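# Structural overview for review
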Protein chains: 2
Amino acid sequence: MYTSKLKGVVPVWGIVLQQGSEVSLARQIFAALKTSILTGQLPAGEALPSTRALAKGLGICRNNVVEAYDMLWAEGFLVRHQGAPSRVAPGLHLTPSPATAAPPPAQPAPPPILWDFKTGQPDLSLFPLAAWNKTVAEAARTLQPDVLCYSGPQGYAPLREEIAHWLLRSKSMVVDPQDIFITGGATQALYLLVTILHRQGRAFALESPSHPAVRTVLADGNYPFYPVPVDQAGADIATLQNKAVSAVYITPSHQFPLGGILPAARRAALVRMATENDFYIIEDDYDSEFRYSGNPISPVYAMCPARVAYVGSFSKTLFPALRLGFAVLPKTLQEAWRHYRTFMDVQNPVLEQAALAAFLQQRKMDRHVQKMRRAYSEKRALLLGALQSEFGTAAQPWGDASGLHLALQLPGAHFGPRFTAACRAAGVRVTTVAQYCPVPNEHGDKLLLGYGHLAPDQITNGVAALHRVVTAAAYLPEDKT
Amino acid sequence: MYTSKLKGVVPVWGIVLQQGSEVSLARQIFAALKTSILTGQLPAGEALPSTRALAKGLGICRNNVVEAYDMLWAEGFLVRHQGAPSRVAPGLHLTPSPATAAPPPAQPAPPPILWDFKTGQPDLSLFPLAAWNKTVAEAARTLQPDVLCYSGPQGYAPLREEIAHWLLRSKSMVVDPQDIFITGGATQALYLLVTILHRQGRAFALESPSHPAVRTVLADGNYPFYPVPVDQAGADIATLQNKAVSAVYITPSHQFPLGGILPAARRAALVRMATENDFYIIEDDYDSEFRYSGNPISPVYAMCPARVAYVGSFSKTLFPALRLGFAVLPKTLQEAWRHYRTFMDVQNPVLEQAALAAFLQQRKMDRHVQKMRRAYSEKRALLLGALQSEFGTAAQPWGDASGLHLALQLPGAHFGPRFTAACRAAGVRVTTVAQYCPVPNEHGDKLLLGYGHLAPDQITNGVAALHRVVTAAAYLPEDKT
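Residues numbered from 1 in each chain as written. Chains lettered and ligands numbered in written order. Predicted model: local features only at pLDDT ≥ 70, side-chain atom pairs only at ≥ 80, totals over all residues. Heavy atoms only, no water.

All names here are of chain B. The sheet built from eight strands is open, its strands ordered S4-S11-S10-S9-S8-S5-S6-S7 with mixed pairing. Taken across any chain shown, the strands that pair with only one partner, and hence form the sheet edges, are strand S4 (180-183) and strand S7 (234-235). Strands in contact with helix H8 (residues 212-220) are strand S5 (203-208), strand S6 (225-231) and strand S8 (245-250); relative to S5, the strand with the most contacts, it is inclined by about 150°. Relative to the sheet, helix H9 (residues 264-277) contacts S6, S7, S8 and strand S9 (280-284), its axis offset from that of S9 by approximately 140°. (Pairing = 2+ DSSP bridges. Helix = DSSP H or I, 4+ residues; strand = E, 2+ residues; numbered from the N terminus. Contact = heavy atoms within 4.5 Å. Axes fitted to C-alpha atoms, helices over the stretch in contact; angles between N-to-C directions.)

Here's what the structure looks like:
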């Protein structure tokens, strides 16, 4: 008999049990025997000890072993025949799999960043976290069980209503909540728009410079694109004449990153082209809530809702980890959007949507944006003052007085990778506009300074540090070559 | 002078102001004039009234009009010259855009669904909403401001730790938290895996039948696929021999929808093929937490972590609108995953992640899953009893005793669209297995009955109603042809 064969030899079959583990004894036996089978220590056809014998050997209750054998049998590791011992099933021996790829060798630590002028960063230290958390807790309490289930790819209806009101209050933008589609931030909206607007034989048109997000999605999909030159007044729309375009991606309220406002004549020309040549306009309104003189710029969407997909976000007005944005879509795009969103990730989680709806409905959003507009306006004034006192007339700010960053031109300079490396070595993180240009040798004399998230002393000290690097002329001539 | 020209004619320029509106007077004036410019009522070069005159005509403070004119000027609708009236800029007249597409004509209302046997629906009436909301509120209170910013595409580190513990507790699955990537539900994990695993000249392999999610993503991307036949023991892996495959999508713990457990020998064969032919295995473990006899099935991942991307979800254990799932990834896939996730939607919102981490850490998850396992097990027993009493031996359940649905075979029957329509007319929603087969004429004698979400009387009455439709043989012969 089988049990006697092993007696005194390996009575516990190499099984080492841990008492008090969160993993049950049965699971531990199962895992140990499975490993022995897969490594070939227990070959095909090998008979296992009886449950009684193994339990005795391990000094545990027999039902643990019975449960382990049942699991092995259910997953096909054992074959059972009435009255005979359980045997190892055939075809299970695996040669050891190659080791998973080793982690890349550790890089030397980069120098510490003391002054980080990265763009698009809101000042989260001023975020009304307590008020927001109260809204979240209330939203959680009042959510009905029916919204725990899927509610569809368009988004939570009360939030779409409140966003429509918010767009009217803040930008006089008249939008039907039925045309609003909630997204996981503007990034997802842009990803989806690229996915549904791509047409064979046509290209996307993108501002140059522009944010890398859309360009990267296009590159990943092997979709061609035209760069549209940008001047003080935003995208030079006339260059699109007679181009076979599937969609034009623009930032008309505050060109990213140069800051221009697209003038009405260029807007009208673009809308005319879109209608005549049957393409769509993707309008990314990423920070127009923060305009420091005058009112928010009205969107191109208002000129032609049938041709413009308007993209908004709450990452800068509230906080990035909220992951809430939206698109206002022409009816003609809505069916495709619903389809792709459904199979991409179905919908946003409901809780943030309910909390944001309440935050908007209670006008906490309005008060917060007003407060932040004042705070950012002061930081911008401080930055402009620091630049004036360090650089004088050698540096000229570009663009409209809005947003969380400033584009700065130093005529005659040429900022390249050596310059940004020199800045990093001096504790300054700064972006060149050239980094955002798909076309080489454009806007080489311009830098981007994000200030929204910086404290006053970081702004003044950072500008002084930047000035020291810029005037250490040894770097600049090299970059020029 | 200009103001006199218009006196007594159209003193307010067609502007109708609404006092007490949330839209400021300046915005209302701006919007009205802009519309007049775009429609051509105010042609290029037309001089506007002075701010003083228009304010007088409208009976409002002059600063409202000044602000409106500033906005019009900033957006390029007006041209200004020192001392001269503001004039309408050239090139702004738009021909009216074609009307947005009319909504589709209303469909006649479908008959009411009295008994809905849809699959994959958890019983949300038993969800511990109060305990969950308490966890959410606590998580919100304890979140530090630094997590309000982007934290990267991999997901909240404390949640990844807790998921690793949970996988060990619940399935004896040993996983490094560094290999766990949080997603917006399993749907997003599968979408991303298709995106990064596609290789030119190779096809995906999919179980037939299978859930339509992955098949749809493949079809949308024009990626070819092989159907892998499914029997009582899950996917017939041997059919993949010598096929040029980029990835194989399987549901080995509980084949969706037929319910088989993939035996260890087939698992080992698949892992061997994957290693030899350099492809990956996508393991979708969509409901193995709910197994009613014995322990959860251990994953294929445990056999070969270098070749298997394991996908899990909390949509069924908690609730779908949570939108939280995860993938456990081989190191070789992690860089591409990070890239695509970053440009798709950056990351999940942080709040749900923090709440779920606490829910797991406090073992509330374990208690909930245990409770639901009992509840679903009772529903399953009730369903099997009802089927036995209505159909007797004419109907045979397939698959393992687990999950939230049952596959039912009625040998000799052939269930097609006419049958499901007849069910709908009788108030029953039911899915045929054939609907989930990319290959026609497969599994035509099988139905799927989701029971997780149904109340006991819905199960018994629904089975009786289903039996009435099945025995109304008038429908079945038609389907057979």
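Next, the rest of the story.
The subject of this paragraph is the relation of the copies chain B and chain A. The operation relating chain B to chain A is a screw motion whose rotation component is 180°, with 0.0 Å of axial translation and a residual RMSD of 0.1 Å. Accordingly, the operation relating the two chain copies is best matched by a two-fold axis. In terms of proximity to the rotation axis, the leading residue of chain B is Ala137 of chain B, whose C-alpha is 2.5 Å off the axis. Comparing contact sets, 100% of the residues at the interface of chain B also lie at the interface in chain A, consistent with an isologous, same-surface contact. (Least-squares fit on C-alpha atoms with pLDDT ≥ 70 in both.)

Here the structure, examined in full by the defined rule, presents 27 aromatic pairs over all chains. A ring pair is formed by Phe127 of chain B and Phe319 of chain B, whose centres lie 5.1 Å apart and whose planes are at 70°; its orientation type is edge-to-face. With Phe127 of chain B in the loop between strand S3 (115-116) and helix H5 (129-142) and Phe319 of chain B in the loop between strand S10 (308-313) and strand S11 (325-328), this residue pair connects regions lying 192 residues apart in the sequence. With 6.2 Å between their ring centres and 40° between their planes, Tyr310 of chain B and Phe326 of chain B make a pair best called tilted. Of this pair, Tyr310 of chain B sits in strand S10 while Phe326 of chain B sits in strand S11, and the two are 16 residues apart along the sequence. Judged by its relative accessible area of 1%, Tyr310 of chain B is buried. Classification of Phe326 of chain B by relative accessible area gives buried; the value is 3%. Here the aromatic cluster, defined as three or more aromatic residues joined through ring pairs, consists of Phe127, Trp132, Phe319 and Phe359 of chain A. Looking at Lys243 of chain B, its charged tip hangs above the ring of Tyr226 of chain B, at a distance of 5.4 Å from the centre. A cation over a ring is seen here: Lys446 of chain B above Trp398 of chain B, with NZ or CZ 4.5 Å from the ring centre. (Phe/Tyr/Trp six-rings, centres within 6.5 Å; stacked < 30°, edge-to-face > 60°. Buried < 20%, exposed > 50% of the residue type's maximum accessible area, 1.4 Å probe, protein only. Lys NZ or Arg CZ within 6 Å of the ring centre and 35° of its normal.)

All names here are of chain A. Mapped onto the fold, Ala425 is located in helix H13 (residues 417-425). You can call Ala425 exposed: its relative accessible area is 62%. Between the C-alpha atom of Ala425 and that of Pro110, which follows or precedes it by 315 residues, the distance is 8.3 Å.

Of the residues lining the interface, 91 residues belong to chain B; the matching set on chain A comes to 91 residues. In total, about 7600 Å² of surface goes out of reach between chain B and chain A, with carbon and sulfur atoms giving 62% of it. Of all residues in chain B, the largest losses of buried area upon contact with chain A belong to Arg27, Leu148 and Phe343 of chain B, amounting jointly to 9% of the total for that side. Our enumeration of links across chain B and chain A arrives at zero salt bridges. Looking at side-chain class alone, the side of chain B that touches chain A contains 53 nonpolar, 21 polar and 17 charged residues. (Buried area = accessible area lost by both parts, 1.4 Å probe. Salt bridge = Lys/Arg side-chain N within 4 Å of Asp/Glu carboxyl O. Nonpolar A, V, L, I, M, F, W, Y, C, P; charged D, E, K, R; others polar.)

The side chains of a regular strand alternate between the sheet's two faces. All names here are of chain B. Among the six residues of S5, six are classified as buried, and the element is accordingly described as predominantly covered. Across the two faces of S5 the burial is the same, with Ala203, Ala205 and Glu207 and Phe204, Leu206 and Ser208 all buried. Two strands pair when backbone bridges link them, and S5 and S6 are joined in this way by five bridges, in the parallel orientation. If you follow Leu206 over to S6, its bridge partner there is Pro227.

A word on helix H5 (residues 129-142) of chain A. With 14 residues, H5 of chain A ought to run about 20 Å at 1.5 Å a step, and its terminal C-alpha atoms sit 20 Å apart, in line with that. Tucked into the core, H5 of chain A has its buried residues touching helix H11 (350-361) and helix H12 (364-391) of chain A together with H5 and helix H11 (350-361) of chain B. (Expected span 1.5 Å × (residues − 1).)

Moving on to the pattern of salt bridges. Pairing between side chains becomes possible if they bear opposite charge and their charged atoms approach one another. Residues and elements named next belong to chain A. The tally for this structure, following the rule as stated, stands at 28 salt bridges over all chains. For the salt bridge of Arg291 with Asp400, the shortest nitrogen-to-oxygen distance reads 2.7 Å. Within this pair, whereas Arg291 is found in the loop between strand S9 (280-284) and strand S10 (308-313), its partner Asp400 is found in the loop between strand S12 (396-398) and strand S13 (405-409), the two being separated by 109 residues in sequence. Like Arg291, the residue Asp400 is buried in the burial classification. The salt bridge partner of Arg341 is Asp345, with a shortest N-O separation of 2.6 Å. As far as burial versus exposure is concerned, Arg341 and Asp345 are alike and both buried.

Here we take up helix H2 (residues 25-38) of chain A. Helix length check: H2 of chain A, at 14 residues, gives a terminal C-alpha distance of 20 Å against a target of 20 Å (1.5 Å per residue), a fit within 8%. In terms of residue burial, H2 of chain A counts as a mostly covered element, since 11 of its 14 residues are buried. Elements that come into contact with the buried residues of H2 of chain A comprise helix H3 (51-58), helix H4 (62-74), strand S1 (78-79) and strand S2 (87-88) of chain A together with helix H6 (157-171) of chain B. One or two steps after H2 of chain A, the chain reaches Gly40 of chain A, where phi turns positive at roughly 90°.

A word on the environment of Pro229 of chain A. Residue and element names in this part refer to chain A. Along the chain, Pro229 falls in strand S6 (residues 225-231). Each C-alpha atom of the pair Pro229 and Arg160 lies 35 Å from the other, and the pair is 69 residues apart in sequence. Excluding anything up to four places from it in sequence, Pro229 contacts Ser208, Gly234, Ala235, Asp236 and Thr239.

Moving on to the sheet that holds strand S13 (residues 405-409) of chain B. All names here are of chain B. Taken together, four strands build an open sheet; the order of strands is S12-S13-S16-S15 and the sheet is antiparallel. Edge positions in the open sheet fall to strand S12 (396-398) and strand S15 (431-432), since each of these has one partner strand only. Examined bridge by bridge, S12 and S13 share three bridges and lie antiparallel to one another. Opposite Trp398, over in S13, you have Ala407 as the bridge partner.

All names here are of chain B. Two elements in contact, helix H3 (residues 51-58) and helix H4 (residues 62-74), have axes separated by 8 Å at closest approach and are oriented at 125°. Classified by the angle between their axes, H3 and H4 sit oblique to one another. Viewed along their axes, H3 and H4 form a crossing whose handedness is right-handed. Facing H3, whose interface residues are Thr51, Arg52, Leu54 and Ala55, H4 presents Arg62, Val65, Val66 and Tyr69. Tallied by class, the residues present in the contact of H3 with H4 amount to five nonpolar, one polar and two charged. (Parallel < 35°, antiparallel > 145°, perpendicular 65-115°, else oblique. Left-handed = near helix turned anticlockwise from the far one by under 90°.)

The subject of this paragraph is the side chain of Thr187 of chain B. The residue Thr187 of chain B is located in helix H7 (residues 185-197) in this model. For Thr187 of chain B, a relative accessible area of 17% puts it in the buried group. Residues within four places of Thr187 of chain B in sequence aside, it is in contact with Thr342, Phe343, Met344, Asp345 and Val346 of chain A together with Arg323 of chain B.

Below, the discussion takes up the confidence of the model for chain A. Residue and element names in this part refer to chain A. Of all residues in chain A, 93% have pLDDT values of 70 or greater, and the mean over the chain is 90. Per-residue pLDDT stays below 50 along residues 1-11; that stretch engages in 12 contacts with residues further than four places along the chain or on separate chains. Scored below 50 in pLDDT, residues 477-481 makes eight contacts in the model with residues more than four places away or belonging to other chains. Per the prediction output, this complex has pTM 0.85; the corresponding ipTM is 0.84. (pLDDT = per-residue confidence, 0-100.)

Once that is clear, we can look at the packing of helix H7 (residues 185-197) of chain A against helix H10 (residues 331-344) of chain A. Residues and elements named next belong to chain A. It is at 10 Å that the axes of H7 and H10 come closest, and there the two elements cross at 115°. H7 and H10 meet at a crossing whose hand is right-handed. On the side of H7, the interface is formed by Gln188, Ala189, Tyr191, Leu192, Leu193, Thr195, Ile196 and Leu197, while H10 contributes Leu333, Ala336, Trp337, Tyr340, Arg341 and Met344. Looking at the contact of H7 with H10, its residues break down into 11 nonpolar, two polar and one charged.

Residues and elements named next belong to chain B. Considering the arrangement of structural elements, one finds Asp284 in strand S9. At 2.6 Å, the side chain of Asp284 forms a polar contact with the side chain of Tyr249. Setting aside anything within four residues of it in sequence, one finds Asp284 in contact with Leu190, Tyr249, Ile250, Thr251, Pro252 and Val311. (Polar contact = N/O pair within 3.5 Å; in protein donor to acceptor, adjacent residues only side chain to side chain.)

Residue and element names in this part refer to chain A. In terms of burial, strand S16 (residues 446-450) is a largely internal element, five of the five residues being buried. Because side chains alternate across S16, one face comprises the buried residues Lys446, Leu448 and Gly450, and the other comprises Leu447 and Leu449, equally buried. Relative to S16, S13 is paired through five bridges, and the arrangement is antiparallel. Across the sheet, the residue bridging to Gln409 is Lys446, located in S16. One ladder, built from two bridges, connects strand S15 (residues 431-432) with S16; its direction is antiparallel. Pairing of Thr432 across the sheet is with Leu447, part of S16.

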